[in-house]
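Observations on chain architecture
The lines below spell out each chain.
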Amino acid sequence: MTARLAVRAERAFDGERWIRDGALVLAENGRIVAVEPATAPVPSGWQVVEHPGSTLLPGLIDAHVHLSGDGESGALDRLADYRDAELDSVVETSLRAQLAAGVTTVRDLGCRRFAVLGWRNRPGLPAVVASGPPITVAGGHCANMGGGVSGTAQLRAAVEERVERGADVVKIMASGGVMTAGTDPFQPQFSLDELRLVVDQAHAAGLPVTAHAHALAAVELAVAAGVDGIEHCTCGSRDGFRLPAGLLNSLAALRIAVCPTLGGVRVPSPPPHLLEFLRGVGLLPEQERHRVARFVEGGVRLVSGSDAGIGEFKPHGVLPTSIIALAEAGAGLDAALASATAVAADVCGLGRSKGRLRAGFDADLLLVDGDPSGDLTALTRPAAVVLAGQRVSGHAGSAAQDAGVLTGSTTAHARD
Ligand SMILES: [Zn+2]
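Residues numbered from 1 in each chain as written. Predicted model: local features only at pLDDT ≥ 70, side-chain atom pairs only at ≥ 80, totals over all residues. Heavy atoms only, no water.

- Per an unreviewed UniProt entry, the recorded name for the chain is Amidohydrolase family protein, and the organism is Lentzea rhizosphaerae.

Printed below as a string of structure tokens:
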């Protein structure tokens, strides 16, 4: 039997721009077959999904999550202790929370061992693009995920393993991180030659590479090595945030996808020593706004990803706050929305099937309550979520809505 669903809204954003006068999206067997004006008649026999005052968008895409992190305090530290069944349970719970928030595709950039690769293409759950464990130095940032290496032979073997296991992307920790004790976010973890080896070998196998980099030096090395994306891109140094004009030009000219991992939910005021640390690394909200504004001015390709799962300030489903933070940093409304739909699909390698309201694309759709063009917090109010042409169970609210949007300069949040 053919499954036919019509989704109608008086306002619609197609992944790149607004559709005047809204849209009626017709989906058959999981695919969009037509995008008509909202006033077009619904063919007889089609199930209709609509919600008064709502806005239609493609299902959101979170380009940076950690499904094996449970989004509670100490999430990353617990990874190594999970038994397989516990890990699967965490991943499934994470995916359901993402879906409830209107996120229909996620890119997992670091799981324990390769647990998340088995969660791609599960009916009724968001689509998953996955890297497996990030490649890191032995004892380095997130080494407890199982991706620690030392020496070029192990680096080569690590890329080979990801290719053999069918990973969609290679993630490498080019600098230390905030969430792993004993690593230094100000220092690179790999040399230029080592990064080049990874990038060249991955590209030869058809895999993109994205690099976690807080340190300015690590960002510069990753760009020189030819990575496709940079996560965080904090550009921190002992002298604070620095973004040399040459680096900004390279990021823009090479079309490197920068995911600044903005957003989060309110946490109780952090203790003074943590605030000082975050200030030193450059991760206070006002510092992030300043940095992202520079990327925007420089024409850098920005993609939204929340880093969901790593801690209580980053629960799964928090992506709307990343979009809001990007808009507040000056990216502009349409670019902020595109960063979590069309642009995110392109960056995740799904630009021909997801992230756009277009015939032939997957019918992953989101109705939000209200008008995001006037008030982006509408994104935190999913009214209906459609996954592969099927309306999935409604949900009263998302993580972002429950916990409040993080915008104030008095709150702080960290990054892995
Ligand atoms: Zn991360």
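Anyway, onward from the coordinates.
**A few points about the sheet that holds strand β21 (residues 390-392)**
- Spatial ordering of the open sheet is given by β3-β2-β7-β19-β20-β21, a layout of six strands whose pairing is mixed. Of all strands in the sheet, those bounded by a partner on one side alone are β3 (18-19) and β21. (Pairing = 2+ DSSP bridges. Helix = DSSP H or I, 4+ residues; strand = E, 2+ residues; numbered from the N terminus.)

**Some words on the sheet that holds strand β9 (residues 103-108)**
- On the basis of which strands lie adjacent, the open sheet formed by three strands has the order β8-β9-β10 and parallel pairing. Edge positions in the sheet fall to β8 (60-65) and β10 (127-130), since each of these pairs with one other strand and no more. For this sheet, the mean angle separating the axes of adjacent strands, direction not counted, is 20°.
- As defined by bridge partners, β8 adjoins β9 across four bridges and the pair is classed as parallel. For L60, the partnering residue across the bridge sits in β9 and is V103.
- Against the sheet, helix α2 (residues 84-100) engages β8, β9 and β10, with an angle of about 135° to β9.
- Strands β8 and β9 of the sheet are contacted by helix α9 (residues 319-331), whose axis makes an angle of about 95° with β8. (Axes fitted to C-alpha atoms, helices over the stretch in contact; angles between N-to-C directions. Contact = heavy atoms within 4.5 Å.)

**Things to note about the packing of aromatic side chains**
- What the rule picks out here adds up to one aromatic pair.
- On the basis of an interplanar angle of 65° and a centroid distance of 5.4 Å, the ring pair of F13 and W18 is categorised as edge-to-face.
- Under the relative-accessibility criterion, F13 is labelled buried at 0%.
- Here R122 stacks its cationic end above the ring of W119, 3.9 Å away from the centre of that ring. (Phe/Tyr/Trp six-rings, centres within 6.5 Å; stacked < 30°, edge-to-face > 60°. Buried < 20%, exposed > 50% of the residue type's maximum accessible area, 1.4 Å probe, protein only. Lys NZ or Arg CZ within 6 Å of the ring centre and 35° of its normal.)

**Structural notes on the domain arrangement of the chain**
- As far as domains go, the chain holds domain 1 (4-58 + 353-403) and domain 2 (60-347).
- Computed from C-alpha atoms alone, the centre-to-centre distance between domain 1 and domain 2 is 28 Å.
- If you look at the interface, domain 1 gives 27 residues, while domain 2 gives 31 residues.
- Considering only the surface of domain 1 that becomes buried against domain 2, L376, L379 and L387 emerge as the three largest contributors, covering 24% of it.
- Connecting domain 1 to domain 2 are one salt bridge.
- The residue D346 makes a salt bridge to R356 at a minimum N-O spacing of 3.1 Å.
- Along the contact surface separating domain 1 from domain 2 lie five residue pairs in polar contact (both at pLDDT 80 or more).
- Taken together, the elements giving at least two residues each to the side of domain 1 that touches domain 2 come down to β7 (54-58), β20 (382-387) and α12 (399-403). (Domains from an automatic or database assignment. Buried area = accessible area lost by both parts, 1.4 Å probe. Salt bridge = Lys/Arg side-chain N within 4 Å of Asp/Glu carboxyl O. Polar contact = N/O pair within 3.5 Å; in protein donor to acceptor, adjacent residues only side chain to side chain.)

**Some words on the nonpolar core**
- Ranked by size, the top nonpolar core spans 82 residues in total, and within it I135, I230, L251 and F295 carry the most contacts.
- Take this core: its biggest share by element is seven residues, from α9.
- Counting residues domain by domain, this core receives three or more from each of domain 1 (4-58 + 353-403) and domain 2 (60-347).
- With residues near it in sequence (within four places) discarded, F295 still touches C233, L243, L248, L251, V258, V300 and L302.
- A27, L56, A363 and V386 belong to the second-largest nonpolar core, a separate cluster that totals 18 residues. (Core = buried A, V, L, I, M, F, W, Y, C linked by side-chain atoms within 4.5 Å.)

**Re the confidence of the model for the chain**
- Looking at the chain, the pLDDT average stands at 91 and 94% of residues meet or exceed 70.
- Throughout residues 395-415 the model reports pLDDT below 50, and contacts reaching past four residues in sequence, or to other chains, amount to 76 contacts. (pLDDT = per-residue confidence, 0-100.)

**Quick word on the environment of A158**
- Residue position: A158 is located in helix α3 (residues 152-165).
- Separated by 147 residues in the primary sequence, A158 and R11 place their C-alpha atoms 47 Å from one another.
- Residues within four places of A158 in sequence aside, it is in contact with I135 and V149.

**Some points on the side chain of S237**
- The topology assignment puts S237 in strand β15 (residues 229-237).
- Owing to a relative accessible area of 13%, S237 belongs among the buried residues under this scheme.
- Reaching out from S237, the side chain makes a polar contact with the backbone oxygen of G240 at a distance of 2.8 Å.

**A word on unusual backbone geometry**
- Unlike most non-glycine residues, N29 shows phi in positive territory, near 50°.
- Of note in this structure, A388 is not a glycine but carries a positive phi near 50°.
- Inspection of the secondary structure puts A388 in the loop between β20 and β21.
- On the basis of relative accessibility, which here comes to 43%, the residue A388 falls in the partly exposed class.

**Describing the pairing of strand β19 (residues 365-369)**
- Counting buried residues in β19 gives four out of five residues, a clear majority hidden from the surface.
- Examined bridge by bridge, β19 and β20 share four bridges and lie antiparallel to one another. Each bridged residue has a counterpart across the sheet, and for L365 the counterpart in β20 is V386.

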